[in-house]
Amino acid sequence: MSIFVTNLFLIILGCMFIFATLLGLAGNTMILIMAVIYGFFTDFTHINSSILGWIFGLYTLGELWGFVVGYLGIRREKISYPKVFLIGVGTFFGGILGSFVTPLFGSIIGAGIGAFLVAFLVEMVTHQGPKRALHVACIAAIMQLFCLFGKMFIATIMMFILIWNLPW
């Protein structure tokens, strides 16, 4: 297989991983693994330890972003950890269901709606009242969207670094 075809396959796979990040899946992790595998099979000539270090640093930044924005952001509203977990599940399934409606933007909108609905329902079930439930639901949706956009942005930068260093 020629180097051009291999690189093209890598780019297509990377784009799929960026999209997976929008669904709340491990797209950033898959980009990191893909970079390591590519480096290994090419004897680390083009994707060397320095490049992998940058990609790993961005990966770590993305995971920290996801944790701080997605989970600690909603915790400021005095939400329990089980509720935060349920909101995360709502975000995940909302992203998947939304992607069936519209492949790219549907997943983003679905994730926000999923976070909103679950946060609202959880707060209403725990007798917090509609005003509090609406407030928490809005914060949950905003935090999840910031989380997804941030991680997608970092995944895109990771892919640009990888593509920039490929032999053509």
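Below is a short write-up of the structure.

The next thing to look at is the overall build of the chain. When helices and strands are tallied, the chain shows six helices and zero strands. In sequence order, the chain lays out its α and β elements as α-α-α-α-α-α. Counting only C-alpha atoms and orienting by the principal axes, one finds that the chain spans roughly 60 × 30 × 20 Å. A buried classification covers 43% of the 168 residues belonging to the chain. Carbon and sulfur atoms form 81% of the exposed surface of the chain, whose accessible area is close to 9,400 Å². Of note, the chain has its 7 positive side-chain charges centred 17 Å away from the centre of its 4 negative side-chain charges.

Before going further, it helps to examine the packing of aromatic side chains. Here the structure, examined in full by the defined rule, presents four aromatic pairs. Judged by centre distance (6.4 Å) and plane angle (5°), the rings of Phe 116 and Phe 120 are stacked. Of this pair, Phe 116 and Phe 120 both sit in helix α5 (residues 105-125), four residues apart, roughly one helical turn. Given the relative accessible area of 25%, Phe 116 is considered partly exposed.

This part covers the pattern of salt bridges. A side chain of one charge can pair with a side chain of the opposite charge when the charged atoms of the two come close. The final tally for this structure, using the stated rule, is four salt bridges. Linking Lys 151 and Glu 63 is a salt bridge whose minimum nitrogen-to-oxygen distance equals 3.2 Å. With Lys 151 in helix α6 (residues 130-164) and Glu 63 in helix α3 (residues 49-75), the pair connects residues that are 88 residues apart, well separated along the chain. Between Lys 83 and Glu 123 there is a salt bridge, with the nearest N and O atoms lying 3.0 Å from each other. Of the two residues, Lys 83 is situated in helix α4 (residues 81-101) and Glu 123 in helix α5; the sequence distance between them amounts to 40 residues. For the pair formed by Lys 83 and Glu 123, the shared burial category is buried. Via salt bridges that share partners, Glu 77, Lys 83, Glu 123 and Arg 132 belong to a single interconnected network.

The biggest cluster of nonpolar side chains holds 21 residues, and the ones touching the most others in it are Ile 31, Ile 47, Ile 55, Met 158 and Leu 162. Those elements that provide at least two residues to this core are α1 (3-22), α2 (27-41), α3 and α6. For this core, the leading source of residues is α6, giving six residues. Those residues within four positions of Ile 31 in sequence are excluded, and the remaining contacts are Gly 14, Phe 17, Ile 18, Ala 155, Met 158 and Met 159. Counting residues in each nonpolar core, the second largest holds 13 residues, with Val 84, Ala 115, Val 136 and Ala 137 among its members.

A negative phi angle characterises most non-glycine residues, just as the trans form characterises most peptide bonds. The phi dihedral of Asp 43 falls on the positive side, at around 55°, and the residue is not glycine. Note on placement: Asp 43 falls in the loop between α2 and α3. Taking relative accessible area as the criterion, Asp 43 reaches 63% and is therefore assigned exposed. Residues other than glycine seldom take positive phi values, yet His 127 does so here, at roughly 60°. Mapped onto the elements of the fold, His 127 is located in the loop between α5 and α6. By relative accessible area, which is 74% here, His 127 ends up exposed.

About the thresholds
Residues numbered from 1 in each chain as written. Predicted model: local features only at pLDDT ≥ 70, side-chain atom pairs only at ≥ 80, totals over all residues. Heavy atoms only, no water. Helix = DSSP H or I, 4+ residues; strand = E, 2+ residues; numbered from the N terminus. Buried < 20%, exposed > 50% of the residue type's maximum accessible area, 1.4 Å probe, protein only. Areas by Shrake-Rupley, 256 points an atom, 1.4 Å probe, with all protein chains shown as cover. Lys, Arg positive; Asp, Glu negative; His and termini not counted. Charge placed at Lys NZ, Arg CZ, Asp CG, Glu CD. Phe/Tyr/Trp six-rings, centres within 6.5 Å; stacked < 30°, edge-to-face > 60°. Salt bridge = Lys/Arg side-chain N within 4 Å of Asp/Glu carboxyl O. Core = buried A, V, L, I, M, F, W, Y, C linked by side-chain atoms within 4.5 Å. Contact = heavy atoms within 4.5 Å.

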